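Inside the fold
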Amino acid sequence: MRKYNVAVVGATGAVGEELFRILEEQDFPIKNILPLASEKSEGKEIEFRGKSVKVVKLTEDVFEKHEVEIAFFSAGGSISAHFAPFAAEAGAVVIDNTSHFRMDEDVPLVVPECNPQDIAQWKNRGIIANPNCSTIQMVQVLKPLDDFYNIKRVDVSTYQAVSGAGKSGMEELVHQMQEFFAFRLSDAAPQKFPHQIALNLIPHIDVFLDNDYTKEEIKMVKETQKILHKSVEVSATCVRVPVLRSHSESITIHFEKDIDAAHARELLSKASNVIVVDEPSEKKYPMPIIATDTDFTYVGRIRKDIYQNNILHLWCVADQIRVGAATNAVRIAQKWTELEG
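So, a few notes on the structure that sits alongside this text. (Residues numbered from 1 in each chain as written. Predicted model: local features only at pLDDT ≥ 70, side-chain atom pairs only at ≥ 80, totals over all residues. Heavy atoms only, no water.)

Turning our eyes to something else, we now look at the nonpolar core. Ranked by internal contacts, the top residues of the largest apolar core, which has 33 residues, are Val6, Leu23, Ile33, Ile70 and Phe72. Contributing elements (two or more residues each) for this core: β1 (4-9), α1 (14-25), β2 (30-37), β3 (45-48), β6 (70-73), β7 (93-96) and α9 (322-340). For this core, the element with the highest residue contribution is α9, accounting for seven residues. Counting 31 residues, the second-largest nonpolar core is a separate cluster that includes Leu145, Ala236, Phe255 and Ala264. (Core = buried A, V, L, I, M, F, W, Y, C linked by side-chain atoms within 4.5 Å. Buried < 20%, exposed > 50% of the residue type's maximum accessible area, 1.4 Å probe, protein only. Helix = DSSP H or I, 4+ residues; strand = E, 2+ residues; numbered from the N terminus.)

Laid out in structure tokens, this is it:
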């Protein structure tokens, strides 16, 4: 089996660390691994396959110097904007986890369970975009239902864990909870989030736009349409919740024709990397504690609308650092290696 020189940009971040774990777990065919980060992280060591590997400073020529063939980017949009073209020019396929390239017409936006055929478009610019974490788990559920029933509209409310805001988001929740139990919460002013996140919900992720939707919500709209290759109506309300890890979503789906809940459950149970947990009488349904640290999207509370026969409601949960970022990126790379031989 051919092995590849692989680079991870943002090696010391939450998604970067998860990428190393998943590459190791999946026994990805790696010849050399290259952790890349900013100058302040240069020289730090990461553990990979039982060995310590030093972090190298990210530069414009580092990809050519190390003959990188696959470059995972997860260090912020401005970093990808500047350095990804240098990686592509050096001959690497860039799998970018930021939002920077997602809506570029000549850059494929890929969830392998939904549109693996789009990976072939990587040659346009040498870049494949990884979708938003909330979009990934949603389209994994939508795709098998759309193939059979033809989706016309989707309304989704997300319940997004603080780790979606990075390590600092997790640290802020933990710190505020510690201060709460020490009766000092009034001293723990919010830094990462616009309001206190401990014991609270914040219906505000990313910046508000002129239409009063947030940028995060519009990402879900446009990315879903691009991945499914259809102008399906989508409306999202994205909410930050005081959960450390794994995003949850309440989804209402309108179909062209009447839907059968039992059949929908069957379709989802056969979908790749989707697990149905739907036994309400036994109090079994998806929750963040079930999904965390796994590579599956869990779906349950599957039920037909009580008024309209063409509407289905469901609930899905997935680990957004893995399924919504690192795992999807590695799955893209696996499909790319199959395509390129």
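Here we come to the sheet that holds β7. In spatial order, the strands read β5-β2-β1-β6-β7-β8; together these six strands make up an open sheet with parallel pairing. Either end of the sheet is taken by a strand with one partner, and the two such strands are β5 (56-57) and β8 (127-129). Sheet topology places β1 next to β6; four bridges connect them, and they run parallel. The residue bridging alanine 7 from the neighbouring strand is alanine 71, located in β6. Of the strands in this sheet, β1, β2 and β6 are in contact with α1, which crosses β1 at around 155 degrees. In this fold α9 packs onto β1, β6, β7 and β8, with an angle of close to 160 degrees to the strand it touches most, β6. (Pairing = 2+ DSSP bridges. Contact = heavy atoms within 4.5 Å. Axes fitted to C-alpha atoms, helices over the stretch in contact; angles between N-to-C directions.)

Pairing is mixed in the open sheet, where six strands are placed in the order β10-β9-β11-β14-β13-β12. Sheet topology places β10 (233-240) and β12 (274-276) at the edges, where each strand pairs with a single neighbour. In this sheet, neighbouring strand axes are inclined to one another by 20 degrees on average, regardless of whether the strands run parallel or antiparallel. Relative to strand β13 (residues 297-304), β12 is paired through three bridges, and the arrangement is parallel. Paired with isoleucine 275 across the two strands is tyrosine 298, which belongs to β13. Taken strand by strand, helix α6 (residues 215-228) contacts β9 (151-160), β10 and β11 (247-255), and its axis lies near 145 degrees from that of β10. Against the sheet, helix α7 (residues 261-269) contacts β12, β13 and β14 (311-318), and its axis sits at roughly 170 degrees relative to β13.

Throughout the structure, instances matching the rule amount to 26 salt bridges. A salt bridge links lysine 167 to glutamate 17, with the shortest nitrogen-to-oxygen separation between them at 2.9 Å. Of this pair, lysine 167 sits in helix α5 (residues 167-181) while glutamate 17 sits in helix α1; the two residues are 150 residues apart in sequence, bridging distant segments of the chain. By relative accessible area, which is 39% here, glutamate 17 ends up partly exposed. Because the salt bridges share partners, they merge into one network encompassing Glu18, Arg21, Glu25, Arg245, Asp293, Asp295, Asp319 and Arg322. (Salt bridge = Lys/Arg side-chain N within 4 Å of Asp/Glu carboxyl O.)

Right, let's talk about the side chain of glutamine 176 for a bit. Tracing the sequence through the fold places glutamine 176 in helix α5. Take glutamine 176: its relative accessible area is 0%, and that puts it in the buried class. Here the side chain of glutamine 176 touches alanine 198 through a polar contact of 3.0 Å, landing on its backbone nitrogen. Those residues in contact with glutamine 176, other than ones at most four positions away along the chain, are Leu185, Ala188, Ala189, Pro190, Gln196, Ile197 and Ala198. (Polar contact = N/O pair within 3.5 Å; in protein donor to acceptor, adjacent residues only side chain to side chain.)

A few words on a nonpolar patch on the surface. Side chains of Tyr285, Met287, Ile289 and Ile290 sit close together on the surface and give an oily, nonpolar patch of about 360 Å² of accessible area. A relative accessible area of 32% places isoleucine 290 in the partly exposed class. (Patch = residues over 30% accessible without salt bridge, like charges linked within 9 Å, V, L, I, M, F, W, Y side chains within 5 Å. Areas by Shrake-Rupley, 256 points an atom, 1.4 Å probe, with all protein chains shown as cover.)

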